[in-house]
Amino acid sequence: MIRISHLMLLLAFLCLSFLTSTQTASSKGNDYARDACKVTRYPDLCIHSLAPFSSVAKRSPSKWARAGVSVTISEVKNVQSYLGKLKRNKILRGRNRVALSDCVESFSNALDELHRSLGVLRRLSRSTFGTQMGDLNTWISAALTDEETCLDGFQGRNGKHIKLLQNRVQNVSHITSNALALVNELATTGLESITDP
Ligand SMILES: *[C@@H]1O[C@H](CO)[C@@H](O)[C@H](O)[C@H]1NC(C)=O
């Protein structure tokens, strides 16, 4: 009788410690993303899209900025291929077709600006940090404007495909806005661990 209750107690203890340890591990990982995402306008989307970078980026503003721009690039590419498909399928007609062509061009510009931004984030240096932060702000803001220009073209229009397009473009514009906030955070805190002349 005593043995069994001891065993139960031991089991309960083991279960409890297992649960608490896994919980701390995962909440700690998310804490990094949660913390980094505090400066963004869409923190839930930020945490959702950037949580996988937690273990690498931890508390490094430069790594979070880079993660933000990388994620934005992949999402812009996703939306771009969706726009391309819509265009090839000739689903939209008339004014909507014109708006779609404008979107395709806007997204191509946005991707260009984001690639340039990632290039800068890959070679951050103390001596040109101020200029680099200025360029990043200019290019990511331009990408955001391009995405908003695309949305403007479809303002007030209806239809299943248009609604989906609007949702996806809005989503990527929020992700871009988050990336811009992470870059601005890097500009504010400065370069933490870059060692160069
Ligand atoms: C918005 O972007 C996130 C992150 O890339 C993605 O997981 C989600 O499916 C997107 N939602 C829409 C509506 O496109």
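Everything below is about the structure printed above this text.
So, a few notes on the structure that sits alongside this text. (Residues numbered from 1 in each chain as written. Predicted model: local features only at pLDDT ≥ 70, side-chain atom pairs only at ≥ 80, totals over all residues. Heavy atoms only, no water.)

1. Considering the state of the cysteines
What the rule picks out here adds up to two disulfides. Bridging Cys-37 to Cys-46, the disulfide has an S-S length of 2.0 Å. As the torsion about the S-S bond is roughly -75°, the Cys-37-Cys-46 disulfide counts as left-handed. For the pair Cys-37 and Cys-46, a shared accessibility class is recorded, and that class is buried. Paired through a disulfide, Cys-103 and Cys-150 show a sulfur-sulfur distance of 2.0 Å. (Disulfide = S-S within 2.5 Å. Buried < 20%, exposed > 50% of the residue type's maximum accessible area, 1.4 Å probe, protein only.)

2. So, the layout of surface pockets
Considering only enclosed or pocket space, the largest pocket measures out at about 160 Å³ in volume. Of all the secondary-structure elements, those providing two or more residues to the lining of the largest pocket are α1 (2–36), α4 (61–88) and α7 (160–189). For the lining of the largest pocket, a count of residues per class yields six nonpolar, two polar and four charged. (1 Å grid on protein atoms, 1.4 Å probe; cavity = no way out; pocket = protein on both sides within 12 Å on 5 of 7 lines; lining within 4 Å. Points joined across faces, edges and corners; volume = space filled by probe spheres on them. Helix = DSSP H or I, 4+ residues; strand = E, 2+ residues; numbered from the N terminus. Nonpolar A, V, L, I, M, F, W, Y, C, P; charged D, E, K, R; others polar.)

3. Things to note about the packing of helix α5 (residues 94–122) against helix α6 (residues 129–153)
Taken N-terminus to C-terminus, the directions of α5 and α6 make an angle of 165°; their axes are 8 Å apart at the nearest point. Judged by the inter-axis angle, α5 sits roughly antiparallel to α6. When the axes of α5 and α6 are compared, the crossing they make is left-handed. Mapping the contact onto sequence places Ala-99, Cys-103, Ser-106, Phe-107, Asn-109, Ala-110, Glu-113, Leu-114, Arg-116, Ser-117, Val-120 and Leu-121 in α5 and Gln-132, Leu-136, Trp-139, Ile-140, Ala-142, Ala-143, Asp-146, Glu-147, Thr-149, Cys-150 and Gly-153 in α6. Per-class residue counts for the contact of α5 with α6 are 13 nonpolar, six polar and four charged. (Axes fitted to C-alpha atoms, helices over the stretch in contact; angles between N-to-C directions. Parallel < 35°, antiparallel > 145°, perpendicular 65-115°, else oblique. Left-handed = near helix turned anticlockwise from the far one by under 90°. Contact = heavy atoms within 4.5 Å.)

4. Points about the site of the ligand
Near the ligand, the surroundings consist of His-48, Glu-75, Arg-168, Asn-171 and Ile-175. His-48 places a polar side-chain atom, nitrogen or oxygen, 3.4 Å from an oxygen atom of the ligand. For the ligand, the protein covers 57% of the area, taking 360 Å² as the surface of the free molecule. Ranked by the residues each element gives to the shell around the ligand, the list is headed by α7, at three residues. Split into classes, the residues belonging to the shell around the ligand amount to one nonpolar, two polar and two charged. (Near = heavy atom within 4 Å. Polar contact = N/O pair within 3.5 Å; in protein donor to acceptor, adjacent residues only side chain to side chain. Areas by Shrake-Rupley, 256 points an atom, 1.4 Å probe, with all protein chains shown as cover.)

5. Some details on the packing of aromatic side chains
Under the criterion given, the structure shown has zero aromatic pairs. Cation over ring: Arg-116 sits above Trp-139, and NZ or CZ is 5.0 Å from the ring centre. Lying over the aromatic face of Tyr-82, Arg-168 brings its terminal NZ or CZ to 5.1 Å of the ring centre. (Phe/Tyr/Trp six-rings, centres within 6.5 Å; stacked < 30°, edge-to-face > 60°. Lys NZ or Arg CZ within 6 Å of the ring centre and 35° of its normal.)

6. Details of the environment of Glu-185
Relative to the assigned elements, Glu-185 resides in helix α7. Distance from Glu-185 to Ser-62, taken between C-alpha atoms, is 8.8 Å for residues 123 residues apart in sequence.

7. Topic: the pattern of salt bridges
In this structure the tally under the stated criterion is three salt bridges. Asp-35 is the partner of Lys-38 in a salt bridge, and the nearest nitrogen-oxygen pair spans 2.9 Å. Residue classification places Asp-35 among the partly exposed positions, given a relative accessible area of 37%. Where Asp-112 meets Arg-116, a salt bridge forms, and the shortest distance between an N and an O atom there is 3.7 Å. Taken together, the positions of Asp-112 and Arg-116, both in helix α5 and four residues apart, correspond to about one turn of that helix. Overlapping salt bridges bring together Asp-35, Lys-38 and Arg-59 as one network. (Salt bridge = Lys/Arg side-chain N within 4 Å of Asp/Glu carboxyl O.)

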